[in-house]
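# Descriptive analysis of the structure
Listed here are the chains, written in short residue letters.
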Amino acid sequence: MTVTPDLRLTTVLVAVDFGEASGRAVALAGAIAQRAGAELHAIHAETMDAPAYFTAEQVEELLAERARVLEQGRQYLYRFVGERTKARVNATIECKAPADAILHAADDADLVVMGSHGRRGPSRWWLGSIAERVLRLTRRPLLVVHADGAADPAIAELAVHAGAGLTGVAAWALALEIGRLFDVPVHDRRGEAAWPPEPPTAPGSLLVVAAPADSERHWHSTVGAPLVRRPDGAVLFVPE
């Protein structure tokens with residue numbers, strides 16, 4: 001997606017695992033979608049593969065059960081999202097690995113919103129570690145909302161940062177659009193020497209970071225992953 005100064009958001013994708021972090025992500029994604037007049041698409045992913053030793057009859061029974069479970073899950077997803085935003089939503093349950101489902105759906109989105117629990121190691125649930133993988137692989141702007149962020153989905157201000165070799169033009173354009181939607185100030189920090197940026201602690205502050213468009217391992221290990229793993233706040237990564 002080419003981001004220009006007259007950018008308009010038309011589709012916002014939010015990933016949901018029914019935890020606190022994704023609840024905050026839904027609230028913020030819904031607030032952005034409502035203000036932009038954009039379509040909100042909520043997605044949850046689960047895998048329900050049949051073991052190799054299942055007979056044909058057992059596989060058929062599993063498929064029938066999976067259909068019932070998926071419909072129940074879709075209705076629960078609608079309720080979960082509806083309790084956190086008034087934005088109109090299209091909810092989908094995908095039978096894929098979570099990262100694959102999100103990356104596939106992101107192809108049709110202008111903005112992807114995910115929660116992160118800010119944990120390391122085995123204790124991270126799928127939106128905690130999957131956010132890091134999506135950040136490495138997506139070419140779409142990715143907004144990561146942390147579990148300990150503000151409950152209020154309003155945005156009070158934005159600050160745009162770009163590291164060496166990055167212009168931050170796309171990040172600045174998207175920040176200006178979100179600032180326009182929420183009628184809040186946008187601060188240009190792209191020329192500041194401090195790197196990596198330290199997320200602000202003020203409620204409603206959104207850190208916007210320019211990200212390399214290719215999968216640059218050093219950038220992700222030193223900048224991207226640490227910001228994803230933070231326990232609080234919200235960070236918007238925008239590919240060059």
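Okay, so let's go over this structure. (Residues numbered from 1 in each chain as written. Predicted model: local features only at pLDDT ≥ 70, side-chain atom pairs only at ≥ 80, totals over all residues. Heavy atoms only, no water.)

### What about the overall build of the protein?
Within the protein, the secondary structure is distributed over 6 helices and 9 strands. Of all 240 residues assigned to the protein, the portion counted as buried reaches 51%. For the protein, the proportion of contacts with a sequence separation of at least 24, taken over those separated by at least 6, is 80%. A total accessible area of about 11400 Å² is found for the protein, and carbon and sulfur atoms account for 50% of it. (Helix = DSSP H or I, 4+ residues; strand = E, 2+ residues; numbered from the N terminus. Buried < 20%, exposed > 50% of the residue type's maximum accessible area, 1.4 Å probe, protein only. Contact = heavy atoms within 4.5 Å. Areas by Shrake-Rupley, 256 points an atom, 1.4 Å probe, with all protein chains shown as cover.)

### As for the pattern of salt bridges
What the rule picks out here adds up to 8 salt bridges. A salt bridge links Glu177 to Arg8; the shortest N-O distance between them is 3.2 Å. On the criterion of sequence distance, the pair formed by Glu177 in helix α5 (residues 169–182) and Arg8 in the segment before β1 (11–15) is long-range, its members being 169 residues apart. Residue Glu177 is classed as buried on the basis of its relative accessible area of 4%. A relative accessible area of 48% places Arg8 in the partly exposed class. Arg84 is the partner of Glu83 in a salt bridge, and the nearest nitrogen-oxygen pair spans 3.3 Å. You can call Glu83 exposed: its relative accessible area is 63%. (Salt bridge = Lys/Arg side-chain N within 4 Å of Asp/Glu carboxyl O.)

### Focus: the packing of aromatic side chains
According to the stated counting rule, one finds 3 aromatic pairs in the structure shown. Here Phe18 and Tyr76 contribute two aromatic rings whose centre-to-centre distance is 4.8 Å and whose plane-to-plane angle is 65°, an arrangement assigned as edge-to-face. Taken together, the residues Phe18 in the loop between β1 and α1 (20–36) and Tyr76 in helix α2 (residues 56–82) connect sequence positions 58 residues apart. Using a relative accessible area of 39% as the deciding quantity, one classes Tyr76 as partly exposed. Here the aromatic rings of Phe18 and Phe80 are separated by 5.3 Å at their centres, their planes lie at 85°, and the arrangement is edge-to-face. (Phe/Tyr/Trp six-rings, centres within 6.5 Å; stacked < 30°, edge-to-face > 60°.)

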